[in-house]
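Coordinate analysis (summary)
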Amino acid sequence: MDRMSSSMTSSVTGMGLGGITGLTTGISTLTCMREPQVTIGGMPTNYVPGLSANYNISSFCQRPGQSRRWPTARAGPTAQHIPGRSHSAGALHRLKHSSRNSPNTQYAHNLICKLADQNERRRRQDTLELIPQSYYSQQPLKVELTEFYSRDNGKDHHTDQYELVNDTVLPNPVLRRGQNFFFAVRFDRICDKQQDAIRIVFCLGPKPSVTKGTRVVLPVNWNTQQGALQHSRDVIGLARLQDTSTTTTPMPPISTVATVGPITSIRETTTYGVRRSSFSNDALPLQHSPLSPHGACERPVIERYVATTQHSTLGRTYGSRPASMQNLASIANEMDKWDISVQRQDGDTITFQVHIPASAPVGVWNCWIQTQRVGQRDNRHDYKCDEDIYILFNPWCREDTVFMDNDALRKEYILNEQGKIWCGTWRQPKGRKWIFGQFDDVVLPACIYLLERSGLEHSERGNPIRVTRAISAMINANNDDDGLMVGRYDGEYKDGVAPHAWTGSVAILERYLMDGGRPVEYGQCWVFSGLVVTICRALGIPCRSVTNYVSAHDTSGTFTVDKFFDKDGNEVPNGPDEDCYDSCWNFHVWNDVWMQRPDLPQGYGGWQIIDSTPQEAAESVYKCGPASVEAVRRGEVGFQYDTPFVYSQLNAELCHFQEEENSEWGFIRMASNQYQVGRKILTKNPNRDDDESDSDLLEITQEYKAVESPSPDRLTVIASCRGYQRLQQYYEFPDRNFEDVVFDLMDIDIVPYGQPFDCTMNIQNKSPEDRTIWCVLTASSCYYTGAIASRLRRSQGEFIVRAGQREVLKLHVTPQEYMDKLVDHSIVKVHAMAYVKQTRQAWSDEDDFPLQKPRLQIQVRSQPTVGQDCAVTFSFQNPLNVHLTDCYFTFEGPGIQRPRQIRFRDVKPGELVNYQDKFVAHLQGERRIVVTFSSRQIDEIFGSVNVTVRG
């Protein structure tokens, strides 16, 4: 400080004719340690009236840290300057070499310096009189504390369930666009409305830009009254727009009084050495908030003016004026902009209200508070708030493109933390409980990080189309793209976690963050789908998980799934040319997200399909969607994004070819069920929960495809997309007029795990002649992707069926034949082939079924209470006659238990297992517990139960 004071004194005493420059420099040295340019009345402070512009006054000014400069011998346009030599050096040079150099020369030099100093002192006082005293008496406002009212704003924004909002150390505001929020600032003194300028700046991303909408500067205008509308939805969209000719009787504005709680948190600064705590509606016992009014801890009253309510047929009004198309249009335009107003001022504390437009990019925003004195732009204080401000999509706002006009559906597709993902087969669908956990404190940070890794521009993150497309690409990890999760389908999970061992999304996202963004191992399509639900709901996009049973994966663009068999009925891998990688999955799980599609014609908004399971690359990246469900149903495959691929998953033909010597290309097509693909499409019923069975399924097949027999439109779409007319002949059925034998592969009922089963094929000869039939019946274990894992049993032969007679073929499979060969989901594929020699009739069909495993029972001993231990018991019976090894439970419940893995001893053959554990609930209300059991011999034994936690 002493050093700075001496510097300022030196600059003041050595100012000369430009004295104000030195003075302001000294002031800047004390405050900002930099030299701002100060103006008074638009003129620079080194301007002195009466001096010629060519008069060089810099030589008379002594700067801090510099020696006094010699006056120049001549000023003006004729003055000469030697590069590299200062004016003072030139004066000394001329002084030494002057022809009139004499002993009086030094005296003359001292004299001119003395006279200059005297003149400088006189001019300094004249210049100081030009500067207002307030310039020296007040510095810009300094921010001491800020409060974002995380919990109160969270209730208005439907974000009060986020753990980030309720954090006890540093709560972060989680806000939805299209709404207003409040925050308060305490300054170091009372704000002078005439002299203090305040700007609130919001920034998104590493390079925020005003023109891209990622940097917003909101100057505080004291002359602007608080806006009359609290939410844009109060006026726009809640009623029919009224014609300007309609007359209504205006109603007086309705004034409601709401309360915003006192700020009970303090930021840690150099002035106040205390730690920030969470906002609470309850007053602190022995301490008042620094931003609360002095004395009793009372909640400041804030008046909110809302729009006048009128009958829906008469429209709405803005303030007290009748609504009109022009007024509403102007209001809508204003509500699509950022805005700020002063809510109230209590001494040195100001409460602001900020409106977030419904088109704002989502993500983590930062808030800066800039303060300065009027006319002193270079003397500014910038204060960065510690809080990360999360801005999300808003399905409650009509102006948001993800708006969903049904409160029950919003509760399910945004706020519900748990659900079901459907697996199994189309005849025996099995719902699996999944904890989405979108309000966990690890989820939103993980979502933001994934968006950063996706490469999506920050300016495009307000568009749900672009955001969901980026999500579909970042869930799966392919080609070292640092996605969230690695997919694996071969049953080898020793170096990671088996997909069936996960109970929810939280553990996966937390591991991803803790490992520095390294992809988590392992997942499959249904796990990917659960993650997508978590991320989309966390960001505010309505989302559901959808399962398509018998889902086609066409890799050749022919809208068919081709399978080739040799003469003996063995499948030819990858086709005869080893270039066919088509497959037909037993089930495939994707997601529907809800949004409007302004890029498509009207009528194609609503549910949109996105698929995060890597199958085919789009734009050199494995991503899929969003594809309009309505466009898929209508066969409008020309609409973006990836609609042809999705259409093929639901409508492709399943084609089986058998090797035939008399065929011109070596194979003939066998008759099969051409309507098999897309047999059933399921999602969870939003109005029902079932922990014991699967009565909460909802079939939505009719939303995706015509459930009746295919119309010519479908065949036309397939033909146009296939594009190769010359290939059409190979996909046509042979002449069926000569087919007189009927084949039928019987459905298999529920088979308990560990029990034998029979595969049955019926044959009926309708011809008046005997028929020689060659047939093959095979049972195999398979992955849910349709790939064969192991052959369980096979039977083939040739026999004669008499005219008009029936024959039944059976294949018996024992538990010993399948026990050690089953893979994920315990699915068995039965395939049958037949060939009639007399008529060359060929037939093929297949069916899949899962073996039913025991259900895990969960019993809570007493009603849970927040903060208290509660006992819980897991039980099931080993269905096998072998020991179970490498056993463990996975236990999870939002608000009850974070994901936890519990190692367990070996289980004896047929043993009834009872394991007791405990948990401590930290949130009250309706909660759900999900538990799975896994071992080397059997897995996917799971159960769930709903409990009510007392506060």
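Residues numbered from 1 in each chain as written. Predicted model: local features only at pLDDT ≥ 70, side-chain atom pairs only at ≥ 80, totals over all residues. Heavy atoms only, no water.

A few points about the overall build of the protein
- Of the regular secondary structure elements, the protein holds 17 helices and 42 strands.
- Each of the 951 residues in the protein was classed as buried or not, and the buried ones make up 52%.
- Here the analysis covers contacts within the protein between residues at least 6 apart in sequence; of these, 70% occur between residues at least 24 apart.
- With an accessible surface of roughly 43,300 Å², the protein has 48% of that area assigned to carbon and sulfur atoms. (Helix = DSSP H or I, 4+ residues; strand = E, 2+ residues; numbered from the N terminus. Buried < 20%, exposed > 50% of the residue type's maximum accessible area, 1.4 Å probe, protein only. Contact = heavy atoms within 4.5 Å. Areas by Shrake-Rupley, 256 points an atom, 1.4 Å probe, with all protein chains shown as cover.)

Comments concerning the packing of aromatic side chains
- If you walk through the whole model with that rule in mind, you get 32 aromatic pairs.
- For the cation-ring pair, Arg-544 lies above Trp-607, with the distance from its terminal atom to the ring centre recorded as 4.2 Å.
- Seen from the ring of Trp-426, Arg-679 lies directly overhead, with NZ or CZ sitting 3.9 Å from the centre. (Phe/Tyr/Trp six-rings, centres within 6.5 Å; stacked < 30°, edge-to-face > 60°. Lys NZ or Arg CZ within 6 Å of the ring centre and 35° of its normal.)

Remarks on a nonpolar patch on the surface
- A surface patch of nonpolar side chains, about 380 Å² in accessible area, is lined by Tyr-107, Leu-111, Ile-112 and Leu-115.
- Checked against the element boundaries, Leu-111 lands in helix α4 (residues 104–128).
- Under the relative-accessibility criterion, Leu-111 is labelled partly exposed at 35%. (Patch = residues over 30% accessible without salt bridge, like charges linked within 9 Å, V, L, I, M, F, W, Y side chains within 5 Å. Salt bridge = Lys/Arg side-chain N within 4 Å of Asp/Glu carboxyl O.)

Observations concerning the pairing of strand β10 (residues 339–346)
- Pairing of β10 with strand β11 (residues 349–355), which is carried by seven bridges, proceeds in the antiparallel orientation. Opposite Gln-345, over in β11, you have Ile-350 as the bridge partner.
- Taking the residues between adjacent antiparallel strands as the criterion, β10 and β11 are bridged by two residues, where Gly-347 takes a positive phi near 65°. (Pairing = 2+ DSSP bridges.)

A look at the environment of Asn-379
- With respect to the element layout, Asn-379 can be found in the loop between β12 (363–373) and β13 (380–384).
- Put simply, Asn-379 and Gln-139 are 240 residues apart on the chain and 8.3 Å apart in space, counted from C-alpha to C-alpha.
- Here Gln-139 takes part through its side chain, which lies 3.4 Å from a polar atom of the side chain of Asn-379. (Polar contact = N/O pair within 3.5 Å; in protein donor to acceptor, adjacent residues only side chain to side chain.)

Observations regarding the nonpolar core
- Counting 75 residues, the largest nonpolar core has Leu-444, Leu-484, Met-485, Ile-508, Trp-526 and Leu-539 as its most contacted members.
- Of all the secondary structure elements, the ones that give two or more residues to this core are β14 (389–392), β15 (418–424), α9 (443–454), α10 (464–474), α11 (506–514), α12 (525–539), β19 (543–553) and β21 (583–595).
- With 11 residues, α12 is the single largest residue contributor to this core.
- Core analysis: the second largest hydrophobic core is formed by 55 residues, Val-741, Leu-792, Leu-811 and Cys-887 among them. (Core = buried A, V, L, I, M, F, W, Y, C linked by side-chain atoms within 4.5 Å.)

What about the packing of α9 against α10?
- In contact at an axis separation of 10 Å, α9 and α10 are set at 90° when each is read in the N-to-C sense. Between α9 and α10, the angle falls in the class roughly perpendicular. In this structure, α9 uses Leu-450, Leu-451, Arg-453 and Ser-454 to contact α10, whose residues at the interface are Val-467, Ala-470 and Met-474.
- A class-by-class count of the residues in the contact of α9 with α10 yields five nonpolar, one polar and one charged. (Axes fitted to C-alpha atoms, helices over the stretch in contact; angles between N-to-C directions. Parallel < 35°, antiparallel > 145°, perpendicular 65-115°, else oblique. Nonpolar A, V, L, I, M, F, W, Y, C, P; charged D, E, K, R; others polar.)

Thoughts on the sheet that holds strand β25 (residues 667–670)
- Taken in spatial order, the three strands line up as β20-β24-β25 in an open sheet, and their pairing is mixed. In this open sheet, the two edge strands, each paired with only one partner strand, are β20 (560–565) and β25. Mean inter-strand twist for the sheet, computed between neighbouring axes without regard to direction, equals 30°.
- Both strand β24 (residues 653–659) and β25 contribute to a ladder of four bridges, which runs antiparallel. Residue Phe-657 lies in a different strand from β25, and its bridge partner there is Arg-669.

Quick look at the sheet that holds strand β37 (residues 869–877)
- Spatially, three strands are ordered β36-β37-β40 in an open sheet, and the strand pairing comes out antiparallel. The sheet is open, and its two borders are formed by β36 (857–860) and β40 (912–920), each paired with just one other strand. In this sheet, neighbouring strand axes are inclined to one another by 25° on average, regardless of whether the strands run parallel or antiparallel.
- The pairing of β36 with β37 spans four bridges and is antiparallel. Across the sheet, the residue bridging to Ile-858 is Phe-874, located in β37.

Some details on the pattern of salt bridges
- All told, the structure shown has 45 salt bridges when counted by the stated rule.
- Residue Asp-382 is joined to Arg-380 by a salt bridge in which the shortest nitrogen-to-oxygen separation is 2.9 Å.
- The class for Asp-382 is partly exposed, based on a relative accessible area of 39%.
- Two residues, Lys-853 and Glu-940, come together in a salt bridge whose shortest N-O distance is 3.6 Å.

Points about the packing of α9 against α11
- The N-to-C vectors of α9 and α11 enclose an angle of 60°; their axes lie 10 Å apart at closest approach. The orientation of α9 with respect to α11, classified from their angle, is oblique. When you trace α9 past α11, the crossing you get is left-handed. Mapping the contact onto sequence places Val-443, Pro-445, Ala-446, Tyr-449, Leu-450 and Arg-453 in α9 and Leu-509, Tyr-512 and Leu-513 in α11.
- Of the residues that constitute the contact of α9 with α11, the class distribution is eight nonpolar, no polar and one charged. (Left-handed = near helix turned anticlockwise from the far one by under 90°.)

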